[in-house]
Amino acid sequence: MTNEQYRRAFSRLQPSAEAEDRLLNIPNGQEKARRSIRWGVWAAAAALTVLLLSGAAYAAASWFRLSRTAQSENGTVISQNDIQLEDQGAGNYIGFTLNGWSLPQRKDGGSLTLKELLETRSPESQSTLDAETLESAYVRYFPITEENELLCIEVLDRDGLGYRDYYTRYETELVREGKLNGMETVWLRVQEPSLGETFHLFCRSEALHCILVVSSDRSFARAEEAASHVTLADSGVPIERRATSTVRVLKLPDRLEALGFTCREKYGMNLSAQQLADPETDLTGLYRDLAYTREADGVTVQLWIEDYCDDYENVGGFQLTRREAQGERTDLWFETTPDGTALFCQDPEGFQIALYINQRGEAAEAFLKTLSSELETAAVEITAEAPLEFTGLSQG
């Protein structure tokens with residue numbers, strides 16, 4: 001599961017304010033900001049119109065470029081920073097080991113191992129790593145200590161179309177560049193409203209064609225300490241590269257509004273957010289993410305679609321209750337925290353539709369099952385994905 005998908009999954013559960021502050025690091029009372037962080041690829045890039053690109057105002061090494069843009073949202077000019085990473089072409093899935101190092105007194109957090117990633121992205125592949133290294137190597141390591149210190153180490157995902165472009169909405173400074181642990185490194189400081197100063201190392205391995213990011217909410221010294229213990233591990237499994245990528249979208253359903261629900265949020269694809277293989281594609285009524293509320297009884301329903309069949313058994317707040325075969329597809333039922341029910345319909349073509357309701361019980365399950373049978377999907381081909389907000393210290 002990718003960083004973005006984990007954040008989006010966690011956000012479905014409507015967690016407590018304390019959980020949001022600790023795990024998602026987003027200010028209280030900013031629903032729109034929270035949504036754009038977890039779904040920035042579809043929503044934020046579509047909502048913001050570029051007014052001025054001042055060029056590479058902060059140009060680092062050739063593989064990393066930080067530039068400032070002035071952008072407008074609802075008529076208000078805001079400051080933004082674009083991060084572009086050079087994609088080094090073909091390569092393998094890369095993980096890392098920490099050589100016995102860990103953050104002391106770890107109490108929470110999440111991680112993803114190289115083995116788990118390969119099981120999702122390339123299930124038929126055979127790694128050239130020995131079994132012990134494959135089991136212990138991470139692609140993402142995210143501990144939270146008893147003192148609520150946050151640290152994240154991850155190899156950036158570049159499956160499919162390659163590296164994403166990123167942006168930050170807050171004050172961002174390229175502090176310096178040099179070498180660390182044998183890798184070309186950029187030191188980046190970001191001022192975040194909920195965390196204050198955050199410290200990020202972008203480390204490039206030319207030999208293994210990958211970029212490692214180490215983020216800390218304490219200091220560059222803590223990030224450097226973590227990076228010094230990293231040993232990169234080459235799985236030997238090639239990353240699948242494509243000129244285009246298929247994005248699945250949901251067609252706007254009729255049933256919910258007929259039952260008294262109001263669609264309060266809908267995020268889809270936009271020509272300003274994606275580069276479509278066919279620019280003439282009609283995206284009317286096609287969405288990736290829908291949220292409905294029925295004011296009469298407070299029932300909420302959320303629908304979203306994902307291009308991978310991700311394992312939500314590893315997501316906090318989701319408890320798998322059963323699996324069911326529905327023809328060629330597989331349905332996974334979850335109880336969620338707080339009280340809710342989620343249904344994931346995994347298609348044999350490799351994508352899944354997710355449905356969530358803030359109720360439990362037979363009636364809730366029957367409702368989701370009926371709704372799932374009526375949902376229609378479409379496929380859209382893209383050649384480049386929209387920029388994603390860089391949030392190095394968000395859970396997932």
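Refer to the structure above for everything that follows.
Residues numbered from 1 in each chain as written. Predicted model: local features only at pLDDT ≥ 70, side-chain atom pairs only at ≥ 80, totals over all residues. Heavy atoms only, no water.

Peer 1: Now, about the overall build of the protein: what can you tell me, with residues and values included?
Peer 2: Across its full length, the protein carries nine helices and 25 strands. When burial is assessed residue by residue, the protein has 52% of its 396 residues classed as buried. In the protein, the proportion of contacts linking residues at least 24 apart, taken out of those at least 6 apart, comes to 65%. Taken as a whole, the protein presents about 17,000 Å² of accessible surface, with 45% of it coming from carbon and sulfur. (Helix = DSSP H or I, 4+ residues; strand = E, 2+ residues; numbered from the N terminus. Buried < 20%, exposed > 50% of the residue type's maximum accessible area, 1.4 Å probe, protein only. Contact = heavy atoms within 4.5 Å. Areas by Shrake-Rupley, 256 points an atom, 1.4 Å probe, with all protein chains shown as cover.)

Peer 1: Account for the side chain of arginine 222, naming residues and giving values.
Peer 2: Here arginine 222 is to be found in helix α7 (residues 220-228). Residues in contact with arginine 222, not counting those within four places in the same chain, are Trp101, Leu103, Glu149, Leu151 and Ser216.

Peer 1: Report on helix α9 (residues 362-374), specifying residues and quantitative values.
Peer 2: If you check α9, its first and last C-alpha atoms are 19 Å apart, about what 13 residues at 1.5 Å a residue would give, namely 18 Å. Along α9, the residues classified as buried are Ala364, Phe367, Leu368, Leu371 and Ser372. On an axial view of α9, the arc spanned by its buried residues comes to 130°, and they lie on one face. Facing away from the buried surface of α9 by more than 90 degrees, the exposed residues are Glu362, Ala363 and Ser373. Where α9 is buried, its residues touch α8 (255-258), β19 (299-306), β21 (329-336), β22 (340-346) and β23 (352-357). (Expected span 1.5 Å × (residues − 1). Arc of directions from axis to C-beta.)

Peer 1: Quick one: what's the story with the packing of aromatic side chains, residue by residue and with numbers?
Peer 2: In this description, a pair of aromatic rings is defined by centroid distance and the angle of the planes. This model, assessed by the stated rule, comprises 14 aromatic pairs. Arranged with centres 5.0 Å apart and planes meeting at 70°, the rings of phenylalanine 199 and phenylalanine 220 form a pair that is edge-to-face. Placement of phenylalanine 199 in strand β12 (residues 196-205) and of phenylalanine 220 in helix α7 is noted, with a sequence separation of 21 residues between them. Here phenylalanine 199 falls in the buried class, since its relative accessible area comes to 8%. Owing to a relative accessible area of 12%, phenylalanine 220 belongs among the buried residues under this scheme. Judged by centre distance (5.3 Å) and plane angle (80°), the ring pair of phenylalanine 334 and phenylalanine 344 falls under edge-to-face. Of this pair, phenylalanine 334 sits in strand β21 while phenylalanine 344 sits in strand β22, placing them 10 residues apart in sequence. When its relative accessible area of 1% is taken as the criterion, phenylalanine 344 is described as buried. One aromatic cluster in this structure is built from Trp63, Phe64, Tyr166, Phe202 and Phe390. Sitting above the plane of the tyrosine 308 ring, arginine 121 keeps its charged end 4.4 Å from the centroid. (Phe/Tyr/Trp six-rings, centres within 6.5 Å; stacked < 30°, edge-to-face > 60°. Lys NZ or Arg CZ within 6 Å of the ring centre and 35° of its normal.)

Peer 1: Describe the pairing of β12, listing the residues and the values that go with them.
Peer 2: Buried residues dominate β12, accounting for nine of its 10 residues. With nine bridges joining them, strand β11 (residues 183-192) and β12 adopt antiparallel strand pairing. Pairing of tryptophan 187 across the sheet is with leucine 201, part of β12. Hairpin connection between β11 and β12: a loop of three residues separates the two successive antiparallel strands. Pairing of β12 with strand β13 (residues 210-216), which is carried by seven bridges, proceeds in the antiparallel orientation. Looking at the pairing, phenylalanine 199 lines up with serine 216 of β13. The turn joining β12 and β13, which pair antiparallel and follow one another in sequence, is formed by four residues; a positive phi near 55° is taken by histidine 209. (Pairing = 2+ DSSP bridges.)

Peer 1: Break down the environment of serine 216 for me, citing the residues and quoting the values.
Peer 2: The residue serine 216 is located in strand β13 in this model. Of the residues examined, serine 216 reaches a relative accessible area of 0% and is grouped as buried. The spatial distance from the C-alpha of serine 216 to the C-alpha of glutamate 149 is 8.0 Å, given a sequence separation of 67 residues. Within the structure, the side chain of serine 216 is placed 3.3 Å from the backbone nitrogen of serine 219, a separation counted as a polar contact. (Polar contact = N/O pair within 3.5 Å; in protein donor to acceptor, adjacent residues only side chain to side chain.)

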